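Read off the chains here:
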Amino acid sequence: MFKKIIDNSMAKSPWIYHINTGSCNGCDIELVSVITPRYDAERMGFKLTGTPRHADIVVVSGPVTSQSKERLVRTLAQVPEPRVIVSLGSCPRPCNVFKGSYSVEGPLDKFCEVDVSVAGCTPKPEAIIDGLALAAQILKEKRRQK
Amino acid sequence: MGLPFIKEAITQLFSKPSTEKYPLVKKEVSDGFRGKLVFHPELCINCGMCMRVCAPQAITRTIEKTEEGDRITMEFHMGSCTFCSMCADFCSKNSIELSKEYSMVVTNEDDLKVRGSFIKKAPPKKELSPEQLAKLKAAKAAKDGKAEEEFDSCPDA
């Protein structure tokens, strides 16, 4: 019974962990604006956490640079399953203008499975809310399968 | 003296919250917003200018040869786009347009690609008159004969 209560409440409040892998800060600022009173994603239960161990949804912004690659892999290893990975903006997946750079370690798909990608450079906060809503839905389905 | 800010406190108490009701009320974007790209293949002339000016190389072109002419497919990858609007600015035929659609959320990256294809016909072949043909033939024969002569005169051959 307790497990059911916990599952239900966890589905209603997915916690977000944000990792910057060499982003220009544009997407990071937009993600922060999503949790400000104007857009207020917290009314839908999303909450920014400080540690990957508490996270359900991981938001990755920026092309994966050589410096951040190891940190990304190490951080993702700490996120408990089931997890949903959201790629924010144009950078993480096709690398945007940085593709082919000597210090960019290719797309994010190399290191993990990406579930949702939000396009835009940078995406509007409304688009990020849509993306997070989709991520929460996917998370629910993943939990059910487990 | 009274309580300070009492008027402000009362007006704030009855005012609307500043939070936007986004998923319930769709938001209108301002003019000049650069959102998802719209491609009009019927206007495109395949000059390739958009591909040249695209910084993230988000535009690809594939050319297939068909009976009617070359079938040209332009593919715009919105997942890789910076929305700088350079392609639309440089398009001489205004076949590229940036719409006001901002919500591009997908699970599969291929859904972000905007495609458009059209057929570009090759210019019709010129019909030559018999005299012109004869002239061409004579010129060709003369050239061949010259080449043969040179070949014969080569000592190693």
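Residues numbered from 1 in each chain as written. Chains lettered and ligands numbered in written order. Predicted model: local features only at pLDDT ≥ 70, side-chain atom pairs only at ≥ 80, totals over all residues. Heavy atoms only, no water.

1. As for the overall build of chain B
Turning to step 1, where the next piece is worked out: A tally of helices and strands in chain B yields four helices and six strands.
Turning to step 2, where the next piece is worked out: Computed over its C-alpha atoms, the radius of gyration of chain B comes to 32 Å, more than 25% above the 15 Å expected for a compact globule of 157 residues.
Turning to step 3, where the next piece is worked out: Viewed in the frame of its principal axes, chain B has a C-alpha envelope of about 120 × 40 × 35 Å.
Turning to step 4, where the next piece is worked out: When each of the 157 residues of chain B is scored for burial, the buried share is 29%.
Turning to step 5, where the next piece is worked out: In the form shown here, chain B has an accessible surface area of approximately 12000 Å², with 56% of it arising from carbon and sulfur atoms.
Turning to step 6, where the next piece is worked out: Side-chain charges of chain B comprise 24 positive and 24 negative groups, with the mean position of each set lying 7 Å from the other. (Helix = DSSP H or I, 4+ residues; strand = E, 2+ residues; numbered from the N terminus. Rg over C-alpha atoms; globule rule 2.2 N^0.38 Å. Buried < 20%, exposed > 50% of the residue type's maximum accessible area, 1.4 Å probe, protein only. Areas by Shrake-Rupley, 256 points an atom, 1.4 Å probe, with all protein chains shown as cover. Lys, Arg positive; Asp, Glu negative; His and termini not counted. Charge placed at Lys NZ, Arg CZ, Asp CG, Glu CD.)

2. Some remarks on the overall build of chain A
Turning to step 1, where the next piece is worked out: Secondary structure summary: chain A contains four helices and five strands in total.
Turning to step 2, where the next piece is worked out: Each helix and strand of chain A, placed in order from N terminus to C terminus, yields the pattern α-β-α-β-β-α-β-β-α.
Turning to step 3, where the next piece is worked out: In terms of overall size, chain A behaves like a compact globule, its C-alpha atoms giving a radius of gyration of 15 Å where 146 residues would be expected to give roughly 15 Å.
Turning to step 4, where the next piece is worked out: Each of the 146 residues in chain A was classed as buried or not, and the buried ones make up 51%.
Turning to step 5, where the next piece is worked out: Expressed as a percentage of contacts within chain A between residues at least 6 apart in sequence, the contacts between residues at least 24 apart total 81%.
Turning to step 6, where the next piece is worked out: Surface summary for chain A: the accessible area is close to 7200 Å², and the carbon and sulfur share equals 54%.
Turning to step 7, where the next piece is worked out: Taken as two groups, the 20 positive and 15 negative side-chain charges of chain A have centres that lie 4 Å from each other. (Contact = heavy atoms within 4.5 Å.)

3. Points about the pattern of salt bridges
Residues and elements named next belong to chain B.
Turning to step 1, where the next piece is worked out: Scanning the entire structure with this criterion turns up 14 salt bridges over all chains.
Turning to step 2, where the next piece is worked out: Across the pair K27 and E20 runs a salt bridge whose closest N-O atoms are separated by 3.7 Å.
Turning to step 3, where the next piece is worked out: Judged by relative accessible area, which is 24%, K27 ranks as partly exposed.
Turning to step 4, where the next piece is worked out: Among the ionic pairs, K100 bridges to D31, the shortest N-O distance being 2.9 Å. Of the two residues, K100 is situated in the loop between β4 (96-98) and β5 (105-106) and D31 in the loop between α1 (6-14) and β1 (37-39); the sequence distance between them amounts to 69 residues.
Turning to step 5, where the next piece is worked out: Classification of D31 by relative accessible area gives exposed; the value is 70%. (Salt bridge = Lys/Arg side-chain N within 4 Å of Asp/Glu carboxyl O.)

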